[in-house]
Amino acid sequence: MQVSPSEDKIPVVDAPSSPQASSEGLYFRDGLRKVDYVLVFHHRRHGSLRGTGTASVSQDQLSIVSNGNFPPASGSSATAAGRGAGLRREEAASVGEVFMELGMARGTEPMEAADHEMHLIRQEFEANLLEAGLEVERDRETKTHGPSFTRIHAPWPVLCREAEFLKIKVPTKQSYELKEESGFGSSMSSVWRKLNQPFEPKVPNQDHGSTKFLSHCFSRDKLHMYNITSKDTFFDNATRGRIVYEILRRTVCVRTCQTIGISTLIAKGVYDAAFPLHDGDFKVTGPLEERNDRQVLFEEWAKYSAFYKYQPIDLVRKYFGEKIGLYFAWLGVYTQLLIPASIVGIIVFGYGVATVDTNIPSLEMCDERLNFTMCPLCDGACDYWHLSTACGTARASHLFDNPATVFFAIFMSLWAVLFLEQWKRRQISLSFSWDLTGIEEDEEHPRPKYETILLEKRQRKHQQKKKKKKKKKKNEPEKQEDGTVTGKDRWRQKLLSAMAAGVPTFAEKLTWKDRLPGYFMNISSILFMFGLTFSAVFGVIIYRITISALMAMSPDPETKSNVRVTVTATAVIINLVVILILDEIYGAVALWLTELEIPKTETNFEERLILKAFLLKFMNAYAPIFYVAFFKGRFAGRPGSYVYVFNDYRMEECAPGGCLIELCIQLSIIMLGKQLIQNNIFEIGIPKLKKLIHALKEKETIQKKKDEERPPQQWNLDYALAPFEGLTPEYMEMIIQFGFVSLFVASFPLAPLFALLNNVIEIRLDARKFVTELRRPVTARAKDIGIWYNILSGMGKLSVIINAFVISFTSDFVPRLVYQYMYSQTGTMHGFIDHTLSFFNVSNFKPGTAPHSSDPGDITVCRYKDYREPPWSPDAYQFSKQYWSVLSARLAFVILFQNLVMFLSLMVAWVIPDVPKTIVEQLKREKKLLVDLFLQEEKEKFQLIQSLFVKPNSQSTTAAQAFPVLGRYSTLPSGPTAGDGGGPRARCRAASFSQISDKMSSLPRKENANSKHTAV
């Protein structure tokens, strides 16, 4: 293939023109153009490749793929001439003036067919990027395997075009002074700022002043309104990366494959990765004043020593985008509000510790003089026992089951509402300061898989129609397109026709029939997962029952005395391990099931994935806790009529002190275990292990090429980092923790404290991961946290119901109240334990179930915890009146608790406005200032039009008539003015005022109304 003259002008740069740019690795080789995005693909090792030593190839060559917007480097003509011979042996892409080099090493055998196809796809894709206006630089690699990097730069015209298309808000030159508080409020604010000074991160150029610049959606017609000091820095790196990503995701490949977007190409293996670059190394090497944003984030946010500081949320948003910024802002609000909850929880726990020695029920259980002889805990092997042996359990139970627990449950229900209201206010404040107010939802592109399946559907329809036509026209030959014509116009015509045939139209979409197999698989799989969770819980129940029976048969007295503690601890640890394993399985299953549904957009995909993952992980984490709280001991039966599992093992019962202490143990171990193991092993250990394995694999290769290669550039360092896979795991971990804090908090008042300690570390752990261990994600614009808020709100309402039932049915709070006010003769708790224990005649044991080691003549009656009639009653062993009284009181308490807490929650939500008053005032002020700004602009443009088109002798008269017209919603006069001869009306390119304000367009078009608005 001959080299065209336009191709001869493309420079090949062998050395960087700027040493500083080369060292940083953030620019093209000319040292002027920023690298906004990087595409990576791999050269695969093949046995057919010859050794590189057989060919004299200069190392470290670079091929510039460009649209010719920069001057050629010195000596480029000679280099291009020398390259002409090589081009006759290589297949290159010629699209008009565009030249692209496949980068095959000279002296190698022809590549395999699959690799050659990948090269052609990359060739076409990068050619289409060039037509979109991007500039591309790609390595001309001579190595036989390893990664190859394609750098992309967006020039100023492309940035302006895409910023206007994406409606990116940018600051204007117009600014205004924020309203400052006066009087007592001002003095309190200044004192608070001084107190917070040690906790503020040291972020340079952080604007805490009283001036705010107006922001408006970028428009190329209004460049004079923006404070553009430098075209290279007007759009920050995060915005530039987002703009390039939007171009990459909508760029098509139709000649080599029917593909839309970079995501599909990565899925097909054409590229290995695509990501924007970090701002450089995160370690500070120079003066502190010259730190980049990544280094500031590492020093002031990602270090564990900064745990006491506030988060630099504005800088996080600037560097990572609004979506990640909102996550860390939400996590910060949640962690801050855990402080008062932790303090109240400590007070409640301290109350239990202080009153344990004066608690009458605990003292009665520990009093050996009362000598309550209890019925055996198992059949045959277990002996009668005294209630005083459970003294320790009773005392521990009082630490969590006391009157203060009810207050704490009400407090935490209101705390959940307060947290949501506080977050709404914080979210509105961030939306205002980040210029997210009034933005429209971006029209999302369909997902690559959706497009692929829809394209397959269209192709099947097309083939079916083709077959029908063939049957009708067997004798007519098929028309074939003449492919001999080449050239840019011909290629563009083919591209447009292929796009029209390959890209789905809005009229066609996937219907429920196409998704029916996925829906069926979803329902059946989720039901199966529920069954698997319940089976795991039931398996642990069988373990507890069998181990309890086996340990009770042991001749060792110490083993017998520690049966309950040993079984409870080991069963909870087994539960924890099962939960952690199933968590990982359910996460992968939820992703697979969501793919089967074929959601159209990424937002739909993310919402469906979150719902499935939350549903499965919620059931997995809380199923054992629900069992202990509401089912354990409810269906065990009574002595002489127990419920058996597999006809051999009795259903387990609660401890003598009640099930609340076991619920506390279960909740604390699962909560702490999940946090410690997931933080230390899953989030720290596994990534470190993967990095170590990867480093060991690459060690030999790096050692061999250490002397030959140049120092690693920024794209090499970023490619070695782990890819960003979304915020769903981070949110899910915190949502499950929120459930532990709110749902069963009545049984474990210290849960907020442990959550607070965990989150202080979690914030810095996540920050370090984002700054040092992950590739830079593409910034995503978001106004809120999405579906997670609905999940939090639902869990807050569910916590009211669950805590009501825990206090009413799991704890002894209601039975104690009933006894004290209905059955106690002295109005105190004396005699409560005896009141809750029923009698059983040992002669009524079924054959073989009575204790073998005791003489039946010694004991005639044993006691068990229940409200039943004694054996000498006509209705022996039936539920007593006390049982129905307690049950009625429990139900009444549930209804009263729910209604009281719901009413207080509504009061809290009503008292706290969603939008702060200052934000409302500033929004109104900004809107008025924007109106005035654009009115002034139109006035100046209209005056310019008048000066150009109006005759001098009538200029004063026309101008006097023109000013009232400015109140109308048009930039033009209503008709030909006097004296202009009825010439054509002048047109102004500025946007009309009706495009600036939606509300303005709805006003009546009357002269007096317009004049009044202009006066405002």
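Fair warning: this is a prediction, and the values are worked out from it, not measured in the lab. (Residues numbered from 1 in each chain as written. Predicted model: local features only at pLDDT ≥ 70, side-chain atom pairs only at ≥ 80, totals over all residues. Heavy atoms only, no water.)

## A look at the overall build of the protein
At step 1: For the protein, the count of helices and strands is 32 helices and 19 strands.
At step 2: For the protein, with 1016 residues in total, the buried portion stands at 47%.
At step 3: The contacts of the protein with a sequence gap of at least 6 include a subset with a gap of at least 24, amounting to 80%.
At step 4: Of the roughly 52,000 Å² of accessible surface on the protein, 59% is carried by carbon and sulfur atoms. (Helix = DSSP H or I, 4+ residues; strand = E, 2+ residues; numbered from the N terminus. Buried < 20%, exposed > 50% of the residue type's maximum accessible area, 1.4 Å probe, protein only. Contact = heavy atoms within 4.5 Å. Areas by Shrake-Rupley, 256 points an atom, 1.4 Å probe, with all protein chains shown as cover.)

## Describing the packing of aromatic side chains
At step 1: Per the counting criterion, the structure on display carries 54 aromatic pairs.
At step 2: Ring centres 6.3 Å apart and planes at 70° place the aromatic pair Phe41 and Tyr271 in the edge-to-face group. With Phe41 in strand β1 (residues 37–43) and Tyr271 in the loop between α8 (262–268) and β11 (273–275), the pair connects residues that are 230 residues apart, well separated along the chain.
At step 3: The exposure class of Tyr271 is buried, given its relative accessible area of 0%.
At step 4: Judged by centre distance (6.3 Å) and plane angle (40°), the ring pair of Tyr226 and Phe234 falls under tilted. (Phe/Tyr/Trp six-rings, centres within 6.5 Å; stacked < 30°, edge-to-face > 60°.)

## Focus: unusual backbone geometry
At step 1: With phi around 60°, Asp435 is a residue other than glycine that occupies positive phi space.
At step 2: Assignment of secondary structure puts Asp435 in the loop between α14 (403–433) and α15 (448–472).
At step 3: By relative accessible area, which is 18% here, Asp435 ends up buried.
At step 4: In this structure, Tyr877 is a non-glycine residue whose phi angle is positive, near 65°.
At step 5: As for its placement among the helices and strands, Tyr877 is situated in the loop between β19 (861–865) and α28 (881–911).
At step 6: By relative accessible area, Tyr877 is classed as buried at 9%.

## Some thoughts on the pairing of β1
Consecutive side chains of a regular strand alternate in pointing toward one face of the sheet and then the other.
At step 1: Along β1, six of the seven residues are buried, which leaves the element largely enclosed by surrounding structure.
At step 2: Where β1 and strand β6 (residues 146–153) come together, seven bridges link them in antiparallel fashion. Paired with His43 across the strands is Gly146, a residue of β6.
At step 3: By the bridge criterion, three bridges tie β1 to β11 in an arrangement that is antiparallel. Opposite Leu39, over in β11, you have Ala274 as the bridge partner. (Pairing = 2+ DSSP bridges.)

## A look at the packing of helix α9 (residues 293–302) against helix α24 (residues 751–773)
At step 1: Between α9 and α24, the least distance of the axes is 10 Å, while the angle of their chain directions is 165°. Between α9 and α24, the crossing angle belongs to the class labelled roughly antiparallel. Of the two possible hands of crossing, α9 and α24 adopt the one that is left-handed. Between α9 and α24, the contacting residues are Arg294, Leu297, Phe298, Glu300, Trp301 and Ala302 on the first element and Ile763, Arg764, Ala767, Arg768, Val771 and Thr772 on the second. (Axes fitted to C-alpha atoms, helices over the stretch in contact; angles between N-to-C directions. Parallel < 35°, antiparallel > 145°, perpendicular 65-115°, else oblique. Left-handed = near helix turned anticlockwise from the far one by under 90°.)

## Quick word on helix α26 (residues 813–823)
At step 1: When α26 is considered as a whole, its buried residues turn out to be Phe813, Val814, Pro815, Arg816, Val818 and Tyr819.
At step 2: Close packing links the buried residues of α26 with α12 (360–366), α14, α25 (787–810), α27 (832–836) and α28.

## Side note on the pattern of salt bridges
Close approach of charged atoms allows side chains with opposite charge to pair.
At step 1: A full pass over the atoms with the stated rule returns 34 salt bridges.
At step 2: Two residues, Glu162 and Arg161, come together in a salt bridge whose shortest N-O distance is 3.0 Å.
At step 3: Since its relative accessible area comes to 2%, Glu162 is described here as buried. (Salt bridge = Lys/Arg side-chain N within 4 Å of Asp/Glu carboxyl O.)

## Section: a nonpolar patch on the surface
At step 1: A cluster of nonpolar side chains, contributed by Val191, Trp192, Leu195, Phe199, Phe307, Tyr308 and Tyr310, occupies part of the molecular surface with about 720 Å² of accessible area.
At step 2: Note that Phe199 resides in the loop between α6 (184–196) and β8 (211–217). (Patch = residues over 30% accessible without salt bridge, like charges linked within 9 Å, V, L, I, M, F, W, Y side chains within 5 Å.)

## Looking at the state of the cysteines
Disulfides are covalent bonds that link the sulfur atoms of two cysteine residues.
At step 1: Tallied over the entire structure, the rule returns three disulfides.
At step 2: What pairs with Cys366 in a disulfide is Cys391, and their sulfur atoms sit 1.8 Å apart. Across the S-S bond linking Cys366 and Cys391, the dihedral sits near 90°, which makes this disulfide right-handed. Within this pair, whereas Cys366 is found in helix α12, its partner Cys391 is found in helix α13 (residues 391–400), the two being separated by 25 residues in sequence.
At step 3: Assessed through its relative accessible area of 22%, Cys366 is described here as partly exposed. (Disulfide = S-S within 2.5 Å.)

## Concerning the nonpolar core
At step 1: Counting 118 residues, the largest nonpolar core has Trp330, Trp415, Tyr622 and Phe744 as the members making the most contacts within it.
At step 2: Other than its neighbours up to four places away in sequence, Trp330 contacts Phe419, Trp423, Tyr731, Met734, Ile735, Ile785 and Leu792.
At step 3: Counting residues in each nonpolar core, the second largest holds 39 residues, with Tyr37, Ile152, Leu248 and Phe934 among its members. (Core = buried A, V, L, I, M, F, W, Y, C linked by side-chain atoms within 4.5 Å.)

## A closer look at the confidence of the model for the protein
At step 1: Predicted confidence across the protein gives a mean pLDDT of 76, with 76% of residues reaching 70 or more.
At step 2: For residues 1–23, every residue scores under 50 in pLDDT, and the model assigns this stretch 50 contacts once sequence neighbours within four places are set aside.
At step 3: Confidence drops under a pLDDT of 50 for residues 477–488, and excluding neighbours within four residues, the segment shows eight contacts in the predicted structure. (pLDDT = per-residue confidence, 0-100.)

## Focus on the packing of α9 against helix α10 (residues 313–320)
At step 1: Where α9 meets α10, the axes come as close as 11 Å, and the angle between the chain directions of the two elements is 140°. Of the possible angle classes, the one that applies to α9 and α10 is oblique. As for how α9 packs across α10, the hand of that crossing is left-handed. The segment α9 lies against α10, with Asp293, Arg294, Val296, Leu297 and Trp301 engaging Leu315, Val316, Lys318, Tyr319 and Phe320.

## A closer look at the environment of Lys179
At step 1: Along the chain, Lys179 falls in the loop between β7 (169–177) and α6.
At step 2: What makes Lys179 exposed here is its relative accessible area of 67%.
At step 3: For Lys179 and Thr918, which are 739 residues apart along the polypeptide, the C-alpha to C-alpha distance reads 8.4 Å.
At step 4: Leaving out residues up to four positions away in the same chain, Lys179 has contacts with Glu921 and Arg925.

## Quick word on the environment of Lys231
At step 1: Position of Lys231 relative to the elements: it lies in the loop between β8 and α7 (237–250).
At step 2: With relative accessibility at 48%, the residue Lys231 sits in the partly exposed group.
At step 3: Once residues lying within four places of it in the same chain are set aside, the contact partners of Lys231 are Trp156 and Arg240.

## Concerning helix α17 (residues 512–552)
At step 1: With 41 residues, α17 extends 58 Å between its outermost C-alpha atoms, agreeing within 8% with the 60 Å of an ideal straight helix rising 1.5 Å per residue.
At step 2: Considering bend angle alone, the principal kink of α17 is centred on Gly518 and spans about 30°. (Expected span 1.5 Å × (residues − 1). Bend = angle between axes of the 7 residues up to and from the residue.)

## Considering a positive patch on the surface
At step 1: Side chains of Lys465, Lys467, Lys468, Lys469 and Lys471 sit close together on the surface and give a patch of like positive charge.
At step 2: Along the chain, Lys465 falls in helix α15. (Lys, Arg positive; Asp, Glu negative; His and termini not counted. Charge placed at Lys NZ, Arg CZ, Asp CG, Glu CD.)

## Observations concerning the side chain of Ser742
At step 1: Within the element layout of this structure, Ser742 appears in helix α23 (residues 728–742).
At step 2: Relative accessible area serves as the criterion here: at 1%, Ser742 is assigned to the buried category.
At step 3: Polar side-chain contacts of Ser742 include one of 2.7 Å to the backbone oxygen of Phe738.
At step 4: What Ser742 contacts, discounting residues up to four positions off in sequence, is Ser799 and Asn803. (Polar contact = N/O pair within 3.5 Å; in protein donor to acceptor, adjacent residues only side chain to side chain.)

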